[in-house]
Amino acid sequence: MTVRPTISIVTPFFNEQDATTAYYRGVCDALAKVQDCDFEIVCVDDGSKDDTLNRLIALSESDPRVQVIELSRNFGKEAALTAGLEAAQGDAVVPIDADLQDPPELIPAMIEAWRDGAEIVLARRVDRSSDSFLKRKTAALFYRVHNQLSAVQIPENVGDFRLMDRVVVDAVRQLPEQQRFMKGLFAWVGFKTVSLDYARKPRAAGTTKFSGIRLWNLALEGITSFSSIPLRVWSYVGLAFALVTMMYAGAILFATLVYGVVVPGYASLLVFILFFGSVQLISVGVLGEYIGRIYMETKSRPLFLVRRRYGTKPAARSVSRNA
Ligand code: UDP
Ligand code: MG
């Protein structure tokens, strides 16, 4: 740790024009409370269609701590965050959402904990009452299922908002996967972790970018990234059904020997055919989830493309136009 460390604040922005001012003010107020630290604020514009980019550029012109990375299109939050982590040069990095749902007021306490020796300082939401009932329930279900299936335990109610030491950031950056389920990757790397609690607030402005279907895909991403149990379970399902089928065959044989041929059975036959057909389709679907991901992974496309960078930075990168 240097004598006067630099802390990087990293934020992805996607159509957040109404949130930028409040975001900047909130972050600045929080940072003003921290002594003996330098800061850089890395804003990643994830292909916003509104005025977000211009507002961020204006911020970067008035405040030398702010730098802006403009991605060539919307790559999604995980990619935008990766872009930000790659650009961040601080001794510690704090990813934080643009909508102030992650309170910047917590940053001084995080830095305090980091200075006391923690390598990761998690911010845990103790009160999610600002999220809808459905979102809370599905989130809880996701954590339960994920942690059952995966060896890597994702701490419940912890988002991307956290402080990470440089060693942790470098470790996360080293992970080669294309499909980056950040929460999982952050958990996978380990390191000395402490938690701080906070109450999750409603969005400061704008609307959520995560619809039901996007959250569902994120959940699938999480589970398939960290567990192969959904793939392997089918042998056992098949085995169990084979056993049941054999017992049923025995029962039919017995009934036929004792009572003679019993013709009715159309309904049960149809039910069994449809049932096993569905089970097979589900298992093929699960295979597809994994194969699709293997396919995307083998392409090794870059995770994001940078159109331009704005804001003062070390000379080497200030003119670079590409990732
Ligand atoms: N975000 C992004 N790209 C996207 C979707 C979201 O960079 O494709 C950013 C968004 O601007 C915000 C953060 O990710 O800073 C979290 O998004 P949001 O608040 O909509 O998620 P929620 O809090 O509802 O889970
Ligand atoms: Mg939000």
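On a predicted model such as this, the values are computed, not experimentally measured, just so you know.

Engineer: In this structure, what is going on with the overall build of the protein? I would like to understand it.
Structural biologist: When helices and strands are tallied, the protein shows 11 helices and eight strands. The C-alpha radius of gyration of the protein comes to 25 Å, more than 25% above the 20 Å expected for a compact globule of 323 residues. Structurally, the protein occupies a C-alpha span of about 90 × 40 × 35 Å along its principal axes. Counting only residues that meet the buried cut, the protein has 44% of its 323 residues in that class. A sequence separation of at least 24 residues applies to 82% of the contacts in the protein between residues at least 6 apart. Carbon and sulfur atoms form 63% of the exposed surface of the protein, whose accessible area is close to 17100 Å². Taking the 37 positively charged and 34 negatively charged side chains of the protein as two groups, their mean positions are separated by 4 Å.

Engineer: Is there a simple way to explain the packing of helix 8 (residues 212-226) against helix 10 (residues 266-299) in this structure?
Structural biologist: Helices that pack against each other are described as a pair by the angle of their axes relative to one another and the distance between those axes. Packing of helix 8 against helix 10 brings their axes to within 11 Å, and their N-to-C directions diverge by 80°. With respect to their mutual orientation, helix 8 and helix 10 come out roughly perpendicular. Facing helix 8, whose interface residues are Asn217, Leu220, Glu221, Ile223 and Thr224, helix 10 presents Glu289, Tyr290 and Arg293. Split into classes, the residues belonging to the contact of helix 8 with helix 10 amount to three nonpolar, two polar and three charged.

Engineer: What exactly am I supposed to notice about the site of ligand 1 here?
Structural biologist: Taken together, 19 residues lie around ligand 1, and Glu16, Asp46, Asp99, Thr208 and Lys209 are the ones closest in. Interatomic distance of 3.1 Å between a side-chain N/O atom of Asn74 and an oxygen atom of ligand 1. Interatomic distance of 2.9 Å between a backbone N/O atom of Ala98 and an oxygen atom of ligand 1. Protein contact buries 95% of the 530 Å² of open area that ligand 1 shows by itself. Taken together, the residues of the shell around ligand 1 sort by class into five nonpolar, four polar and 10 charged.

Engineer: In this structure, what is going on with the packing of helix 5 (residues 133-149) against helix 8? I would like to understand it.
Structural biologist: Relative to each other, helix 5 and helix 8 sit at 15°, their axes nearing to 9 Å. Judged by the angle between their axes, helix 5 and helix 8 are roughly parallel. In the packing of helix 5 onto helix 8, the handedness of the crossing is right-handed. Packed against helix 5, whose contacting residues are Lys135, Phe142, Val145, His146 and Leu149, the element helix 8 presents Leu215, Ala219, Gly222, Ile223 and Phe226 at the interface. Looking at the contact of helix 5 with helix 8, its residues break down into seven nonpolar, two polar and one charged.

Engineer: What am I meant to see in the coordination of the magnesium ion (ligand 2) here?
Structural biologist: By definition of the ideal shapes, four donors in a tetrahedron about a metal sit 109.5 degrees apart, and six donors in an octahedron sit 90 or 180 degrees apart. Surrounding the magnesium ion (ligand 2) are the protein donor atoms Asp99 (OD) and Gln101 (OE1), at 1.9 to 2.0 Å. Taken individually, Asp99 and Gln101 each receive the classification buried, so the pair is uniform in this respect.

Engineer: I tried to follow unusual backbone geometry on my own but got confused; where do I start?
Structural biologist: Peptide bonds are mostly trans, and most non-glycine residues show a negative phi. One non-glycine residue, Asp36, adopts positive backbone phi at about 55°. Residue placement: Asp36 occurs in the loop between helix 1 (20-32) and strand 2 (38-45). Non-glycine residue Leu100 carries a positive phi angle of around 65°. Within the secondary structure, Leu100 is located in the loop between strand 4 (92-95) and helix 4 (107-115).

Engineer: Can you help me understand the pattern of salt bridges in this one?
Structural biologist: When charged atoms on two side chains of opposite charge get close, those side chains can pair. Taken as a whole and assessed by the stated rule, the structure comprises 10 salt bridges. For Asp97, the salt bridge is made with Lys77, and the minimal N-O distance between the two is 3.0 Å. Here Asp97, found in the loop between strand 4 and helix 4, pairs with Lys77, found in helix 3 (residues 77-87); they are 20 residues apart in sequence, far enough to count as distant. Accessibility expressed as a relative area gives 16% for Asp97, which makes it buried. Asp170 is paired through a salt bridge with Arg166; the nearest N and O atoms lie 3.0 Å apart. Taken together, the positions of Asp170 and Arg166, both in helix 6 (residues 166-174) and four residues apart, correspond to about one turn of that helix. Bridged by salt links that share partners, the residues Lys77, Asp97 and Asp160 form one connected network.

Engineer: I keep staring at the nonpolar core and nothing clicks. Help me out?
Structural biologist: Nonpolar side chains tend to gather and get buried jointly when the protein is soluble and globular. Grouped together as the largest cluster of nonpolar side chains are 38 residues, with contacts concentrated most on Val42, Val44, Ile69, Leu71, Leu85 and Phe304. It is helix 3 that provides the largest number of residues to this core, a total of six residues. Filtering out sequence-adjacent residues up to four positions away, Ile69 remains in contact with Val42, Cys43, Val44, Asp45, Ala83, Ala87, Val306, Arg308 and Arg309. Counting 37 residues, the second largest nonpolar core, distinct from the first, contains Leu100, Ala113, Ala118 and Tyr310.

Definitions and limits used
- Residues numbered from 1 in each chain as written.
- Chains lettered and ligands numbered in written order.
- Predicted model: local features only at pLDDT ≥ 70, side-chain atom pairs only at ≥ 80, totals over all residues.
- Heavy atoms only, no water.
- Helix = DSSP H or I, 4+ residues; strand = E, 2+ residues; numbered from the N terminus.
- Rg over C-alpha atoms; globule rule 2.2 N^0.38 Å.
- Buried < 20%, exposed > 50% of the residue type's maximum accessible area, 1.4 Å probe, protein only.
- Contact = heavy atoms within 4.5 Å.
- Areas by Shrake-Rupley, 256 points an atom, 1.4 Å probe, with all protein chains shown as cover.
- Lys, Arg positive; Asp, Glu negative; His and termini not counted.
- Charge placed at Lys NZ, Arg CZ, Asp CG, Glu CD.
- Axes fitted to C-alpha atoms, helices over the stretch in contact; angles between N-to-C directions.
- Parallel < 35°, antiparallel > 145°, perpendicular 65-115°, else oblique.
- Nonpolar A, V, L, I, M, F, W, Y, C, P; charged D, E, K, R; others polar.
- Near = heavy atom within 4 Å.
- Polar contact = N/O pair within 3.5 Å; in protein donor to acceptor, adjacent residues only side chain to side chain.
- Left-handed = near helix turned anticlockwise from the far one by under 90°.
- Donors = N, O, S within 2.8 Å, 3.2 Å for Na, K, Ca; no water.
- Salt bridge = Lys/Arg side-chain N within 4 Å of Asp/Glu carboxyl O.
- Core = buried A, V, L, I, M, F, W, Y, C linked by side-chain atoms within 4.5 Å.

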